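# Breakdown of the fold
Okay, here's what each chain looks like letter by letter:
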Amino acid sequence: MGKGFFISKTLTIAGVIVGAGAVATIIALSVVYSQEKAKNQEVKPTNGGTSPPTTTQVTPWDPWDHYRLPDSLSPVSYNITLWPRLEASRSTGLYIFTGRSAVVFECKKPTDLILIHSNKLNLTLINGHHARLTGLDGATPPNIKDSWLQPVTQFLVIQLDGRLQAGNRYELYSDFTGELADDLGGFYRSEYFVGEIKKVVATTQMQPTHARKAFPCFDEPAMKAVFHMTLLHPHGTVALANALANGMNLNADVTQTSFQATPIMSTYLLAFVVSEFDFIRSPEGEKVLIRIWARKQAIEEGQGDYALEKTGPILEFFEKYYTTDYPLNKSDQIALPDFSAGAMENWGLITYRETALLFNNASSSNADKEWIATVISHELAHMWFGNLVTMRWWNDLWLNEGFATYVSYLGANSAEPTWNYTDLIVMKEVYKVMSVDALASSHPLSTKEQDIMQPAQISELFDSITYSKALTSYRISPQTYLNTFKYGNTVYQDLWNHLQTVRSPSIHNICSPFVIMNRWILQMGFPLVSIDTTNGHITQNHFLLDPESVVDRPSEFQYEWIVPIKWIKSGTEQTPFWLKSKTGMDTHPPLKMIGSDWVLANTKVSGFFRVNYDTANWERLLTQLSTNHEVIPVINRAQIVDDAFNLARAKTVSTKLALRTTLYLQKEREYMPWEMADRNLGYFFLMFDRSEVYGPMRAYLRKQVMPLFNHFQAITANWTKIPDNHLDQYTQVRAISLACSSGVPVCEALMTSWFQAWMKTPEKNPIHPNLRQTVYCGALAAGGVEEWNFAWKMYKEAPIASEAEKLMYGLTCTREPWLIQRYLTYCLDPEKIRKQDATFTMVYIAGNVVGQSLVWDFVRANWNYIYNDYGSGSFSFGRLIEGITRRFSSEFELKQLQQFIKENSDQGLGSASQAVEQALERTKANIKWVAENKADVFQWFTDNSKLI
């Protein structure tokens, strides 16, 4: 599933195991371990690795109090008919759907109990029970003795007066009614307007545990089956499902559309939609039917054209990459007005947010186009890796998401080869997720099955570690892996078995892939590699942003990794080698330097680790940056900045040394070093924008960015053109953003004049799409209620979702507290802010120094409503907590956070539990860091902000 951020990393050693920024040894990250560890059932765990802190476990007594299905029954096929009502009931005001389902299952072990998932469904009683059981092929079924719903574990429980027999097949039939709610999960409704007329879409989001809200089912990834779907829907609407329609009957009241049988697949990949949408399609006669579906206006305006243009080539790329044909005969992709994630890889019917599929040349930016290409590529990659072959249980979700994240860059790069998109993997994925994995509250990629049981725990897994710190090597022989396990389920060891078959001699001489990879997969975190160029010594240790934090998660590997070291000496590549232990002091004589020679390790950031050097080598690197920075590869210039700032936060190097890595930026014109400097200085602004440090800090940034601002003003003919190069377009945006936020007068005047010109002619926006988000934010920060009201009106009338998203962000930048408070109230009104956007908006407001305390107060005051109405298992809950608390750096804020946790201890924090734990750790670290560094930082910025 696409979430809005995907990640992949790299770990190459002499080109042996990886390829182009991918990992043969590591990685992709995600941050997800759940605090509540329910050992609800004996399930075979993933062996080895990091164990969670010891807690007291209570084992449920009855089978229906476990969260996992027993292994006694296995589904074969479903026959499902659903009828969504697209008009609210006059008596109740509710939107509902009715349905019937017949699931054929095989008995694997004799049992007198049927457990099948059902959540928020009103089941019609049949002869006094919630379902009807029949035998197939001559099998005689026992009678139903009792049946009931178990809401906590979301089961329909059926007790029998005799045993089902192993090897026999049976059919369980049920009738039911459910609410077609606007909760973005299961079978739900999305709404939009055509003029003044409200239109309703019935659509789905089953991942991870919401298929049970649509019909009773065995709702676990390994419970694969064939699905036969029939949808009843109003005349004038169209019905879609995973497979092609194979029949349509027009009745007096409704249209009945039936669909071809699906391949054998997991419940979380099911999708069906009823709408008035239109589509564009691939030419007749092509091997795979490709259709792009969206609101009729969007299709008429050509907003689906770019997606259609790129889907075919990306599919062809993956067919060659996997050496396996696309498994289906069609690929529908549909843009939904309301959708919780970025996109979802439903087999044959991929669902998207409108921002992830629709593009308009007149109003969409370069970043919008990149996002669309990446998300399409990510979801199409899943058609093989995730759908054809699926993880057995959610603890190995990273198998799906990490690989899809990595190859999404390859697919997008094949569709847009001039972008050199794979160069951005490190920027977009590796360094972003390192900040999470450097916490003592992080978690391994793969955990034990029994540690991930409850739906909220599963939802927590959809984080940056899962998407970014996953195995991403394209030397894993995906074709043999896919062919061996197609239409089946796997655990991560199956992947390593296939990696074994292609490992290179250099790895063979070190150890097996199992030995290498288990250290990266089964223990959290990553190493800090320290190199002393005075004697060639090299060591490793577990890197933590707060070195005083307590790591209470033991690891059988003692937080030691087998690390591939690629390095350069004064600009020249050297022979790579492996760092195999942290005990003692390893020596690699070539690392010993004399004279002005310098060492730079982890070239092209091919490994998932940070690097520290002796003081003399740091000084030589800084000298190289100040004299001729282009000798150092651009990715490594970004690396030097990011490593230094993170090492400073960990008290490994001085904060002044980290700040000195930004001095050379007056000469830098490339995107990646500026992006890393902006991210890291952004932390300083979060910590100090409410203190006396803010003035000289802002003045220093203004001084450093002026040459970059002037450069782009010159090459764009005073901002009348846009650079041709993909990354240069990003650098132009960064130059304007930093110049305006740091108070460059001409920049502020420029943004205000552009916005005022738009206010005079609302029908013609003169601001280039690439610059709109930055300009909207700056203009609304400088303006007042008139500008804000205008932007709100334009937001509500925006013809494409990507434009609405830019305005949604810009509206959070106002400096008027009362306007921020108004906007916050809008966040809990779905008529004003869609539920899918509510948490994003609140996080954006928290990024505004004026809004941060307001949104924190608002969330605490409305937590019960947010928790219950927006869903405790929502994917965005963790993001909300992380975004609101990232500025916390005082004892007062720490106490508030602790009180918030205490006040909500009874109901719990749902999928935000892990994020809250990390927020506590970060806040404590921030408090210490500010206390220890504030005086030095103030003096350094004061000394270095003076114009020469």
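Residues numbered from 1 in each chain as written. Predicted model: local features only at pLDDT ≥ 70, side-chain atom pairs only at ≥ 80, totals over all residues. Heavy atoms only, no water.

Before going further, it helps to examine the packing of helix α27 (residues 891–903) against helix α28 (residues 913–944). The geometry of α27 relative to α28 is characterised by a closest axis approach of 10 Å and an angle of 165° between their N-to-C directions. Taken together, the axes of α27 and α28 lie roughly antiparallel to each other. The handedness of the crossing between α27 and α28 comes out as left-handed. Contact residues: α27 offers E891, L894, L897, Q898 and I901, while α28 offers V916, A919, L920, T923, K924 and I927. When its residues are assigned to classes, the contact of α27 with α28 shows seven nonpolar, two polar and two charged. (Axes fitted to C-alpha atoms, helices over the stretch in contact; angles between N-to-C directions. Helix = DSSP H or I, 4+ residues; strand = E, 2+ residues; numbered from the N terminus. Parallel < 35°, antiparallel > 145°, perpendicular 65-115°, else oblique. Left-handed = near helix turned anticlockwise from the far one by under 90°. Contact = heavy atoms within 4.5 Å. Nonpolar A, V, L, I, M, F, W, Y, C, P; charged D, E, K, R; others polar.)

On to the state of the cysteines, then. With the rule as written, the count across this model stands at two disulfides. Disulfide pairing places C740 opposite C747 at an S-S distance of 1.7 Å. Classification of the bridge connecting C740 and C747 rests on its S-S torsion, roughly -85°, and on that basis the disulfide is left-handed. Each member of the pair C740 and C747 is classed as buried. Covalently, C777 is tied to C813 through a disulfide, its sulfur atoms 2.0 Å apart. A torsion of -100° about the S-S bond marks the disulfide between C777 and C813 as left-handed. Of this pair, C777 sits in helix α19 (residues 772–782) while C813 sits in the loop between α21 (801–810) and α22 (817–827), and the two are 36 residues apart along the sequence. Residue C217 stays outside any disulfide, its sulfur separated by 19 Å from that of C107, the closest cysteine. Taking relative accessible area as the criterion, C217 reaches 0% and is therefore assigned buried. (Disulfide = S-S within 2.5 Å. Buried < 20%, exposed > 50% of the residue type's maximum accessible area, 1.4 Å probe, protein only.)

Time to look at the environment of V274. Here V274 shows up in strand β15 (residues 272–275). Residue V274 is classed as buried on the basis of its relative accessible area of 0%. Sequence separation between V274 and A239 is 35 residues, and the spatial gap between their C-alpha atoms is 4.6 Å. Once you skip the residues sitting within four places of it in the chain, V274 turns out to touch P84, L86, V200, V201, A202, L231, H233, P234, T237, V238 and A239.

Among the nonpolar cores identified, the biggest contains 300 residues, and Y322, W394, I565, F684 and F941 are the most heavily contacted of them. Ranked by the residues each element gives to this core, the list is headed by helix α15 (residues 671–688), at 12 residues. For W394, the contacting residues outside a window of four places in its chain are Q207, P208, P221, Y268, I452, I458, L461 and F462. (Core = buried A, V, L, I, M, F, W, Y, C linked by side-chain atoms within 4.5 Å.)

Here, the residues flagged by UniProt with the feature "site: Transition state stabilizer" (unreviewed entry) are Y467. Secondary-structure assignment places Y467 in helix α7 (residues 464–468). (UniProt positions renumbered as here; feature names shortened; annotations may be inferred.)

Residue position: L388 is located in the loop between α3 (366–382) and β21 (389–391). Residues L388 and N79 lie 309 residues apart in sequence; the distance between their C-alpha atoms is 21 Å.

The next point concerns the sheet that holds strand β29 (residues 586–587). Read from one edge of the open sheet, four strands run β29-β24-β23-β31, paired in mixed fashion. Each edge of the open sheet carries a strand with a single partner, namely β29 and β31 (610–613). Relative to the sheet, helix α13 (residues 634–649) contacts β23 (527–532) and β31, its axis offset from that of β31 by approximately 80°. (Pairing = 2+ DSSP bridges.)

Quick look at the sheet that holds strand β27 (residues 572–573) now. Pairing in this open sheet of three strands is antiparallel, and the strands run β27-β26-β30 from one edge to the other. Of all the strands in the sheet, the pair left with one neighbour each is β27 and β30 (599–601).

The end-to-end C-alpha separation of helix α4 (residues 397–415) is 27 Å, in line with the 27 Å expected for 19 residues at 1.5 Å each. At V407, α4 shows its strongest bend, of approximately 25°. With respect to burial, α4 is a largely interior element, 17 of its 19 residues being buried. (Expected span 1.5 Å × (residues − 1). Bend = angle between axes of the 7 residues up to and from the residue.)

Here we come to the side chain of T257. If you trace the backbone, T257 turns up in strand β14 (residues 254–259). Here the side chain of T257 touches H233 through a polar contact of 2.8 Å, side chain to side chain. Once you skip the residues sitting within four places of it in the chain, T257 turns out to touch M229, T230, L231, H233, A239, A245, G247 and M248. (Polar contact = N/O pair within 3.5 Å; in protein donor to acceptor, adjacent residues only side chain to side chain.)

For the rest of this paragraph, the subject is the side chain of N346. Summarising the element assignment, N346 is placed in the loop between β19 (343–344) and β20 (349–353). Owing to a relative accessible area of 1%, N346 belongs among the buried residues under this scheme. Not counting residues within four places of it along the chain, the set of residues in contact with N346 comprises N242, Y268, L269, L270, A271, T351, M383 and N387.

The next point concerns the packing of aromatic side chains. For the structure shown, the criterion picks out 62 aromatic pairs. Where Y192 meets F277, the ring centres are 5.8 Å apart and the plane angle is 55°; that geometry is what we call tilted. Note that Y192 is positioned in strand β9 (residues 186–194) and F277 in the loop between β15 and β16 (278–281), a separation of 85 residues in sequence. As far as the burial class goes, Y192 and F277 line up, both buried. Seen from their ring centres, W520 and W561 are 6.0 Å apart, and the 40° between their planes marks the pair as tilted. With W520 in helix α11 (residues 513–521) and W561 in the loop between β24 (537–542) and β25 (563–565), this pair connects stretches of sequence that are 41 residues apart. Neither W520 nor W561 differs from the other in exposure class; each is buried. Site record: aromatic cluster; members linked through ring pairs are F317, F318, Y321, Y322, Y326, W384, F385, F403, Y481 and F485. Sitting above the plane of the W393 ring, R68 keeps its charged end 3.6 Å from the centroid. (Phe/Tyr/Trp six-rings, centres within 6.5 Å; stacked < 30°, edge-to-face > 60°. Lys NZ or Arg CZ within 6 Å of the ring centre and 35° of its normal.)

We now examine the pattern of salt bridges. Two side chains bearing opposite charge may form a pair once their charged atoms approach each other closely. A full pass over the atoms with the stated rule returns 42 salt bridges. Among the ionic pairs, E319 bridges to K287, the shortest N-O distance being 3.2 Å. Taken together, the residues span a long stretch of sequence, with E319 in helix α2 (residues 305–322) and K287 in the loop between β16 and β17 (289–294) at a distance of 32 residues. A relative accessible area of 15% places E319 in the buried class. K287 sits in the exposed class, given a relative accessible area of 59%. (Salt bridge = Lys/Arg side-chain N within 4 Å of Asp/Glu carboxyl O.)

Their axes nearest at 9 Å, the elements helix α18 (residues 745–760) and α19 cross at an angle of 95°. By the angle between their directions, the pair α18 and α19 is classed as roughly perpendicular. For the pair α18 and α19, contact is made by M751, T752, W754, F755 and W758 and by T774, V775, Y776, G778, A779, L780 and A782, respectively. Classifying every residue of the contact of α18 with α19 by side-chain character gives nine nonpolar, three polar and no charged.

In this section: the pairing of β24. Looking at chain direction, β23 and β24 are connected through six bridges and run antiparallel. Looking across to β24, one finds that I531 is bridged to I538. Counted between consecutive antiparallel strands, the loop separating β23 from β24 contains four residues, among which G536 sits at a positive phi close to 80°. Bridging between β24 and β29 involves two bridges; their strand directions are antiparallel. Across the sheet, residue I538 finds its bridge partner in β29, namely D586.

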